[in-house]
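Descriptive analysis of the structure
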Amino acid sequence: MNQIILVDEIGYLPNDPKRAVYRGENETEFSIISASDGREVYHGVSGREYVTAAADEKNRILNFDAVTEEGEYYIKAGDEVSATFSIKEWVYRDAMGAMLKFFYLQRCGTELSQEHAGIYAHPICHDTDARIYGTDQFIDVKGGWHDAGDFGRYVVPAAVTLADLFLAIELDPGLLKFDFDIPVDNPDLGALLSEIKYEIDWMLKMQNPETGEVYHKVTCSGFCGFFMPEEEKEELVVSPASYAATLDFAAALAMAVKFYEPHDKAYAEILADASKKAFEAGLKMEAKGFHNPEGVVTGEYGDECVEDELYWASAEMYRAFGEERYRTIFDDMAYKHISHGYGWEDVYSFGNIAYILSSYPVDETLKNIIISAIDAKADSLMYLCRSNGYNVSFNERSFIWGSNMYLIQNASHLFTAYYFTKKEEYLEASKEHVHYIFGKNPCNVCFLTGFGSNRVLNPHHRPSAAKGKAMPGMVIGGPDSELQDPTAEKYLQGQPAAKCYVDELLSYSTNEITLYWNSAMILMLAQFVVLP
Ligand code: G3I
Ligand code: 9MR
Ligand code: ZN
């Protein structure tokens, strides 16, 4: 799409800052038009010129903060018009609901009902026992959520997904009561905790009961064709345990205890025991990244830097259980090296947040050093936001596989910095990242399937491909200037970094979806308390 005026195609909250991007170098007048009756409700003049090198564009910002009345609108400048958008309270409620329902629709090891899954309903899938790699032993690892566009189930991204969701609930407890049209297995838990339990119950099966180590993933040996999950009949293989999976498992289940304890003490005890067992096992494992074993070519989630997994796990263990030895490990690591990251590779930020929010006593000097580091990182992100016409924390090197997730996580970092420093500019900048994902981006696309005017129609997602219709509520990976799949290479040669995206089924490096891209967006939105 090549519109000249770009907006958040879902919309804006009435009292929030409201900016659109004008893709032109000359100053322009513009009007905000009511979509219902064509009335001009606001007239303005564009702001200063920006050079957005990553998009090879010159931009101006159209500021319409003054428009606060609820309604449907579009922007007009000369002959150019924008997509229509809403201004209203709870404007992101439907998007939040669809993003949450996605986890149910990714369920493995069970049938999905027509009533709740519609065209994506299917019989039970992947319900056979899985071979432990290199052995004749088979174990039950049925359940959990498919990772992404493929049907693999991987512990590292699963743990990060849960971390996002648990933090989102802490920021917006309204999520606990939110009904997003799924069958709720455990009504007393509420829909979200009940659905998360489906993933946790699978993760518990991935722990070796003898050693406490956690198997890295369960997949077939390779990626299958584009059909529904129950049609994948190859043998399931449980790949060897990994250091990252074991410690990420410990961290995520330590986070889980406080949410389930008020409802089911016995279950919370199981989570606590599994978490502690995994942490102890992790301490005995060699600290190295996972690599696919011979003959298994599905997703690797290999991670050569695994310091952050222990950093995160020790902080969560301390926050959950308060034993001094967990804090000693974290303090020793943090005094040597503090960093940031909410992604499957870098989980430092989860550790920082756990330590700062711990109700058990922490080293106050270290806590303040961490907060200062968060503030400094936020300041560097602000420098990037000011350097382009989209006011988002990117430059030409930002567009890697899953770039939307990294931008969303920068927004979460900015919000975290705002939370601890109360610097308003961090909050405003964080919100611009929401608008970027929902349409105010150089690709002129709403990167949430089923929403906006400029929609993603061909996500790299097997059920969507099998049914010929994009499943709604999935956050798209976004531009990747490394051109890491043949389709990207075919269509994107010569494109500026920020425009290296193509809405093609086979472009898995730009057009896939994952659990943890959705959970990252849910965490970011929850920061703005988008639910009544
Ligand atoms: O970290 C480096 C960075 O330092 C460097 O500047 C940049 C550019 O070269 O590359 C970065 O590494 C990238 C890495 O992700 C971390 O972001 C690699 O290029 C990139 O290939 C790697 O992509 C991962 C991809 O699997 C391939 O391994 C994605 O993050 C990850 O989301 C994706 O996960 C897949 C699963 O394997 C299978 N299921 C679908 C899922 C989503 O596509
Ligand atoms: O569908 C797979 C997607 O989930 C992965 O992210 C991607 C990279 O690991 O691989 C995709 O599978 C492709 C495989 O790598 C190469 N043959 C075509 C497969 C479908 O696009
Ligand atoms: Zn399945």
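These lines cover the structure that appears in this document, whether it is placed above or below. Keep in mind that this is a model prediction, so the values were computed, not measured. (Residues numbered from 1 in each chain as written. Chains lettered and ligands numbered in written order. Predicted model: local features only at pLDDT ≥ 70, side-chain atom pairs only at ≥ 80, totals over all residues. Heavy atoms only, no water.)

Thoughts on the pattern of salt bridges
To be explicit about the condition: The salt bridge criterion pairs a side-chain nitrogen of Lys or Arg with a carboxyl oxygen of Asp or Glu, the two atoms within 4 Å. In this description a helix means any DSSP run of H or I spanning at least four residues, a strand means any run of E spanning at least two, and both kinds are numbered starting from the N terminus. Each residue is placed in one exposure class: buried if its accessible area under a 1.4 Å probe, protein chains only, is under 20% of its type's maximum, exposed if it is over 50%, and partly exposed if it falls in between.
A complete count under the given rule lists 20 salt bridges for this structure. Among the salt bridges present, the one from Lys-101 reaches Asp-181, with a minimum N-O distance of 2.6 Å. Within this pair, whereas Lys-101 is found in helix H1 (residues 93-105), its partner Asp-181 is found in the loop between helix H4 (174-177) and helix H5 (191-205), the two being separated by 80 residues in sequence. Classification of Lys-101 by relative accessible area gives buried; the value is 15%. For Asp-181, a relative accessible area of 39% puts it in the partly exposed group.

Description of unusual backbone geometry
With a phi angle near 55°, Asp-56 is a residue other than glycine that sits in the positive phi range. Take Asp-56: it is sitting in the loop between strand S6 (49-52) and strand S7 (57-63). Residue Asp-56 is classed as exposed on the basis of its relative accessible area of 65%. With a phi close to 45°, His-126 is a non-glycine residue in the positive phi region. Here His-126 lies in the loop between helix H2 (114-117) and strand S11 (130-132). His-126 gets classed as buried once you look at its relative accessible area, which sits at 5%.

Considering the site of ligand 2
This is how the line gets drawn: Throughout this document, a residue counts as near a molecule or strand when at least one of its heavy atoms sits within 4 Å of that molecule or strand. In the analysis that follows, any N or O atom pair within 3.5 Å is treated as a polar contact, provided that within protein one partner can donate a hydrogen and the other can accept it, and provided that, for residues neighboring in sequence, both atoms belong to side chains. Each accessible area is a Shrake-Rupley estimate made with a 1.4 Å probe; only the visible protein chains count as cover when residues are assessed. Classification used: nonpolar for Ala, Val, Leu, Ile, Met, Phe, Trp, Tyr, Cys and Pro, charged for Asp, Glu, Lys and Arg, polar for all others including Gly.
The environment of ligand 2 is formed by Asp-150, Phe-223, Phe-226, Trp-401, His-460, Arg-462, Tyr-508 and Glu-512. Within the side chain of His-460, an N or O atom sits 2.6 Å from an oxygen atom of ligand 2. In this structure, Glu-512 approaches ligand 2 through a side-chain N or O atom, which is 2.7 Å from an oxygen atom. In isolation ligand 2 exposes 440 Å². Once the protein is present, 65% of that is buried. Of the residues that constitute the shell around ligand 2, the class distribution is 4 nonpolar, 1 polar and 3 charged.

Digging into the site of ligand 1
Taken together, 17 residues sit near ligand 1, with Asp-150, Tyr-406, Gln-484, Glu-512 and Tyr-516 positioned nearest. Between an oxygen atom of ligand 1 and a side-chain N or O atom of Gln-484, the distance comes to 2.8 Å. Within the side chain of Glu-512, a nitrogen or oxygen atom sits 2.8 Å from an oxygen atom of ligand 1. In isolation ligand 1 has 780 Å² of accessible area, and contact with the protein removes 67% of it. Across the shell around ligand 1, the residue classes break down as 9 nonpolar, 3 polar and 5 charged.

Description of the side chain of Ser-358
For the record, the criterion: Note on definitions: a residue-residue contact is assigned when non-hydrogen atoms from the two residues lie within 4.5 Å.
The residue Ser-358 is located in the loop between helix H10 (348-357) and helix H11 (364-385) in this model. Judged by its relative accessible area of 12%, Ser-358 is buried. Beyond its immediate stretch of four places on either side in the chain, Ser-358 contacts Tyr-318 and Arg-319.

Some points on the coordination of the zinc ion (ligand 3)
Convention followed: A donor here means an N, O or S atom no more than 2.8 Å from the metal, or no more than 3.2 Å when the metal is Na, K or Ca. Since water is not included, a site may seem to lack partners. Donor angles set the geometry label: tetrahedral for four donors if every angle is between 85 and 135 degrees, square planar for four and octahedral for six if opposite donors exceed 155 degrees and the others are between 65 and 115, irregular for anything else.
Every protein donor of the zinc ion (ligand 3) is accounted for by Cys-108 (SG), Cys-125 (SG), His-126 (ND1) and His-146 (NE2), and the metal-donor separations fall at 2.0 to 2.3 Å. Relative to the metal, the 4 donor atoms surrounding the zinc ion (ligand 3) lie at angles of 99 to 118°, and the coordination shape comes out tetrahedral. Each donor residue of the zinc ion (ligand 3) belongs to the same chain, with the gaps between them written as C-x16-C-H-x19-H. One end of the pair, Cys-108, is in the loop between H1 and H2; the other, His-126, is in the loop between H2 and S11, and 18 residues separate them in sequence. We note that Cys-108, like His-126, is buried.

Notes on the packing of H5 against helix H7 (residues 265-284)
Just so we agree on the cut-off: Axis definition: a line fitted to C-alpha atoms, limited for helices to the stretch in contact. Angles are taken between N-to-C directions and run from 0 to 180 degrees. For classification purposes, angles smaller than 35 degrees are called roughly parallel, those larger than 145 roughly antiparallel, those between 65 and 115 roughly perpendicular, and all remaining angles oblique. Crossing handedness is defined as follows: a turn of the near helix away from the far one that is anticlockwise and smaller than a right angle gives a left-handed crossing, while the clockwise case is right-handed.
Contact geometry of H5 with H7 gives a least axis separation of 12 Å together with a crossing angle of 45°. The angle between H5 and H7 falls in the class oblique. Handedness of the crossing formed by H5 with H7: left-handed. Mapping the contact onto sequence places Lys-197, Ile-200, Asp-201 and Leu-204 in H5 and Tyr-267, Ile-270, Leu-271 and Ala-274 in H7. Of the residues belonging to the contact of H5 with H7, the class tally is 6 nonpolar, no polar and 2 charged.

Brief notes about H5
Put simply, the test is: Take the residue count of a helix, subtract one, and multiply by 1.5 Å to get its expected span.
The first and last C-alpha atoms of H5 sit 22 Å apart over 15 residues, in line with the 21 Å expected at 1.5 Å per residue. Within H5, the full set of buried residues consists of Ala-191, Leu-192, Leu-193, Ser-194, Glu-195, Ile-196, Lys-197, Tyr-198, Glu-199, Ile-200, Trp-202 and Met-203.

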